[in-house]
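As a plain string of letters, each chain reads:
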Amino acid sequence: STCLHGTSKVWRLLRSWRAGLYAREGGRDALYKRVRERPTEQESFLYALPARGMWLVGSTPGSTVGGLVAYDKTRDVRSMKSPWHVFDGKNWSPCQGVAVT
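Calculation notes
- Residues numbered from 1 in each chain as written.
- Predicted model: local features only at pLDDT ≥ 70, side-chain atom pairs only at ≥ 80, totals over all residues.
- Heavy atoms only, no water.
- Helix = DSSP H or I, 4+ residues; strand = E, 2+ residues; numbered from the N terminus.
- Buried < 20%, exposed > 50% of the residue type's maximum accessible area, 1.4 Å probe, protein only.
- Contact = heavy atoms within 4.5 Å.
- Pairing = 2+ DSSP bridges.
- Core = buried A, V, L, I, M, F, W, Y, C linked by side-chain atoms within 4.5 Å.

## Some remarks on the environment of Leu-49
- Summarising the element assignment, Leu-49 is placed in strand β4 (residues 45-49).
- The exposure class of Leu-49 is buried, given its relative accessible area of 12%.
- For the pair Leu-49 and Tyr-71, spaced 22 residues apart in sequence, the C-alpha to C-alpha distance is 9.7 Å.
- Aside from chain neighbours lying at most four places away, what touches Leu-49 is Met-54, Leu-56, Gly-62, Ser-63 and Thr-64.

This is the structure we're talking about:
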């Protein structure tokens, strides 16, 4: 499993519900599903799109649409060096303080 967390104001306001513990899904290296604290919480996934060189956090694995994106070709998300960007409804903005551990 891996943990996605953030400290910036933008992260807290827009995407903090995506923070938390993500467990590897189906034995695949590039797909993690958020462990929900309550059954009513929306599902969230952390996944790679290797052909596009990107990692996303979103509701639909494999989609190029998500709430967070990092452009990095690494196969191990914990080795990622690239910054995360958050979508605020209009633009993608750098989201300082977001990390995967």
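## Here's the deal with the pairing of strand β7 (residues 84-87)
- Residues of β7 alternate between two faces, with Trp-84 and Val-86 buried on one and His-85 and Phe-87 left unburied on the opposite face.
- Here strand β6 (residues 68-71) runs beside β7; their pairing, made up of three bridges, is antiparallel. Residue Ala-70 lies in a different strand from β7, and its bridge partner there is Trp-84.
- By the bridge criterion, three bridges tie β7 to strand β8 (residues 92-94) in an arrangement that is antiparallel. In the strand pairing of β8, His-85 is matched with Pro-94.

## As for the nonpolar core
- Within the largest apolar cluster, 16 residues are counted, with the highest numbers of intra-cluster contacts made by Tyr-32, Leu-46, Trp-55, Val-57, Val-77, Met-80 and Trp-84.
- For this core, the secondary-structure elements that each account for two or more residues are β4, β5 (54-58), β6 and β7.
- By size, the runner-up hydrophobic cluster in this structure holds seven residues, among which are Leu-31, Tyr-47, Leu-56 and Val-69.

## Focus: the side chain of Glu-41
- You can see Glu-41 is positioned in the loop between β3 (31-34) and β4.
- The exposure class assigned to Glu-41 is buried, which follows from its relative accessible area of 16%.

## So, the pairing of β3
- As paired strands, strand β2 (residues 20-24) and β3 are joined by three bridges and run antiparallel to one another. The residue of β3 that forms the bridge with Tyr-22 is Arg-34.
- Between the end of β2 and the start of β3, which pair antiparallel, lie six residues, with Gly-26 showing a positive phi angle near 60°.

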